[in-house]
Amino acid sequence: METVVAEVTSARPLGTLLLLRLWKEPLVSLVPDRWFCARVTVTGPLGDGDDEGGDDDGDGDDGDDGDTPRATFPCYRWLESGCLELREGTARTPRGAAWEPRLLQQRQEERREREEAFQWAPYSPGWPWRLRALSPALCPWPPPPPPPPPSSSSSSSPSPGGAPPPQLPPSLAFPLGHRASMAARAAAAQVRVRLRGLRCGGSWRSFEDIREALGGPGTPISEYVVQHWQDDAFFGEQYLNGVNPVLLRRCSRLPPNFPVTPPMVAPSLGPATCLQREMEGGRLFLADYALLEGLPTGRPGGDPQFLAAPLCLLWLSPRRQLLPIAIQLSQRPGPEAPIFLPGDGPWGWALAKLWVRGAHFTLHEVVTHLLQSHFLGETFATATHRLPACHPVHQLLLPHCRYTFHINILARETLLNPGGIIDQATAVGREGTLELVARGTAALTYTELCVPDDLEHRGVTDIPNYYYRDDALEIWGAIESLVEGIVALYYPEDSDVAEDHELQDWVGEIFTYAVLGNEKTGFPSKLCSRPELVKFVTMIIFCCSARHAAVNSGQYDYAAWMPNTPGTLRRPPPRRKEEATAELLLETLPSPDATGALLALLSVVSYEGGEPRPLGSRTQEPFSGAAPRRLLGAFRRRLAAISHRIQQRNEGLALPYPYLDPACVQESVSI
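Attention in this report is confined to the structure presented alongside it. Because the structure is a prediction, the values reported are computed rather than measured. (Residues numbered from 1 in each chain as written. Predicted model: local features only at pLDDT ≥ 70, side-chain atom pairs only at ≥ 80, totals over all residues. Heavy atoms only, no water.)

**Re the overall build of the protein chain**
Turning to step 1, where the next piece is worked out: Of regular secondary structure, the protein chain possesses 23 helices and 11 strands.
Turning to step 2, where the next piece is worked out: Put simply, the protein chain has 671 residues, and 56% of those count as buried.
Turning to step 3, where the next piece is worked out: The contacts in the protein chain between residues at least 6 apart in sequence include a share of 77% that link residues at least 24 apart. (Helix = DSSP H or I, 4+ residues; strand = E, 2+ residues; numbered from the N terminus. Buried < 20%, exposed > 50% of the residue type's maximum accessible area, 1.4 Å probe, protein only. Contact = heavy atoms within 4.5 Å.)

**Section: unusual backbone geometry**
Turning to step 1, where the next piece is worked out: If you check the backbone angles, arginine 320 has positive phi at about 65° while not being a glycine.
Turning to step 2, where the next piece is worked out: Locating arginine 320 in the fold gives a position in the loop between β9 (311–316) and β10 (322–328).
Turning to step 3, where the next piece is worked out: A positive phi angle, near 60°, is found at leucine 516, a position not held by glycine.
Turning to step 4, where the next piece is worked out: With respect to the element layout, leucine 516 can be found in the loop between α18 (501–514) and α19 (530–552).

**With respect to the packing of aromatic side chains**
Turning to step 1, where the next piece is worked out: Taken as a whole and assessed by the stated rule, the structure comprises 16 aromatic pairs.
Turning to step 2, where the next piece is worked out: Considering the side-chain rings of tyrosine 123 and tryptophan 127, the 5.2 Å spacing of their centres and the 50° angle between planes classify their relative orientation as tilted.
Turning to step 3, where the next piece is worked out: For tryptophan 127, a relative accessible area of 2% translates into the label buried.
Turning to step 4, where the next piece is worked out: A centroid spacing of 5.4 Å and a plane angle of 90° characterise the contact between tyrosine 657 and tyrosine 659, whose relative ring orientation is edge-to-face. Each of the two residues, tyrosine 657 as well as tyrosine 659, counts as buried.
Turning to step 5, where the next piece is worked out: Above the ring of tyrosine 123, the side-chain terminus of arginine 412 is found at 6.0 Å from the ring centroid. (Phe/Tyr/Trp six-rings, centres within 6.5 Å; stacked < 30°, edge-to-face > 60°. Lys NZ or Arg CZ within 6 Å of the ring centre and 35° of its normal.)

**Topic: the packing of helix α6 (residues 232–241) against helix α9 (residues 346–385)**
Turning to step 1, where the next piece is worked out: It is at 12 Å that the axes of α6 and α9 come closest, and there the two elements cross at 15°. In terms of orientation, α6 lies roughly parallel with respect to α9. Relative to α9, the crossing made by α6 is left-handed. On α9, the residues touching Asp232, Phe235, Gln238 and Tyr239 of α6 are Trp349, Lys353, Val356, Arg357 and His360.
Turning to step 2, where the next piece is worked out: For the contact of α6 with α9, the class distribution of residues is 4 nonpolar, 2 polar and 3 charged. (Axes fitted to C-alpha atoms, helices over the stretch in contact; angles between N-to-C directions. Parallel < 35°, antiparallel > 145°, perpendicular 65-115°, else oblique. Left-handed = near helix turned anticlockwise from the far one by under 90°. Nonpolar A, V, L, I, M, F, W, Y, C, P; charged D, E, K, R; others polar.)

Spatial relationships are all this shows, so hold off on functional conclusions.
Encoded structure:
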């Protein structure tokens, strides 16, 4: 898309600028004629020497960029034909807009238009609601087989009144080049899968077959995984710095359904200590997959698949390694749910860890990744787009909504559709995914999305070598500092927050449509003070940028070697330790078909598909005024310092943790 700067000169003063109208004549042509307008900037004498970005209402910044008066009218919309009305870009709260009746009327009209354009729609019972829109993009993945007739329990809800949903506006869709790039990468991934023989059906005959099919050039981290996937220390490290680093919690007391006894773990702990002492010392940790208990499973290729809901106990050793020391593959203890231990022989222990990694994949992809990043991100984006464009929260959050609608629509069209990739490559399939997202939504808490609170709640503030924690806290602090500064510009007092009816409607919609009005989640349904607003907005920005990067960007690194991250398992969990053999482990692994389908997907979605937009870049910057830009400049400098520290640290690590380097963190959920 070519960038054009057009200049228009007026021979006379324009007076006090309230609104600006752009008119585009319709062009009779077979070729689509659309213009994307980023902004209109008016410089020179404005009215009686006033800057239209000035602080007329006392709730913002003066908007000056220098000695020349300037007024900026953000647009960031496509012009098809007809008239588009813009207002000056200085952010204003509803109280700040009341000084001019015409502006107040325009604000109210714009809000009604936005609420009509950005309508809420359900997808599946128990899920966060989504934007009611269809994607304009072609699917980048091969079409699945014809789906069976949808059941009433799992089909997407119809549009209100039976009317078809509107198409996603072009300004919110991937540009053509972006779509072409994604399609080309998806096609290349399919070719690689076929060349490796991962679409030929059948089963794995040996581990040599797996090495031959999955070997070859990879990323430095994926090569490390190939070498260390069976090591207990690497198994434990993935809870801290892998793709789901938010599950582990300190174990101060064993749950009653996990009857680990001191003699069981004594060989792992050594003679100098015991189970109770290590628990009291805060050196035992638990990974609990109870949310997976009893989920329905799919049938990729027509074969039944299996999923466990394990409990895994880990110990922080004197060598500062996090080691698994006991694994139970069921939430229900008993003779057919043995507790596997490191001394149970190489295949029994390897099989137990394999089942934990399979459960870890499912919980990570469906709950931590899809639900807590993509689907919550869409509710945040929908509510934000329903605010007037001049609202400070809209302007602050707009860059963090970029392309979220489009990538989520693609996910529903290609991953979640009957016969789609989730049905082809995962244990739970579509039906299990629908139920698991609903369970995850019901179990969600505000605490787990707020980094400092989450780390404290899980008891992991002092565990060593937890690079996700260190980097996440720094980025959270940088975002929080920016948000505090912006909030202070537009909300001088707590009462200004409480009395902003647009803001209260916004947070109320998120409470209603993200967590379905569930007060047990701890999500606020209203905001009564500046600190509450700062925390809530910081959470949204972090979840839509850094948290998504942490749970998305390493997917291919850790799953390219399938035995480390199996998407599904083909034999039921062993009920007796004596069943564990090398043959059983091989037969349990996902088929080549399922492996190929998953790796083709992850090789595309683990990396940004279009033009990178790192956190802090804010290339579509709606804020005008010197004060907001000073805050953004400080934010960028702080992110640059964080990036430098992370890169220096990673240079000395055998297994680096690059996923929260701000230079690599995208500012929105766009892939």
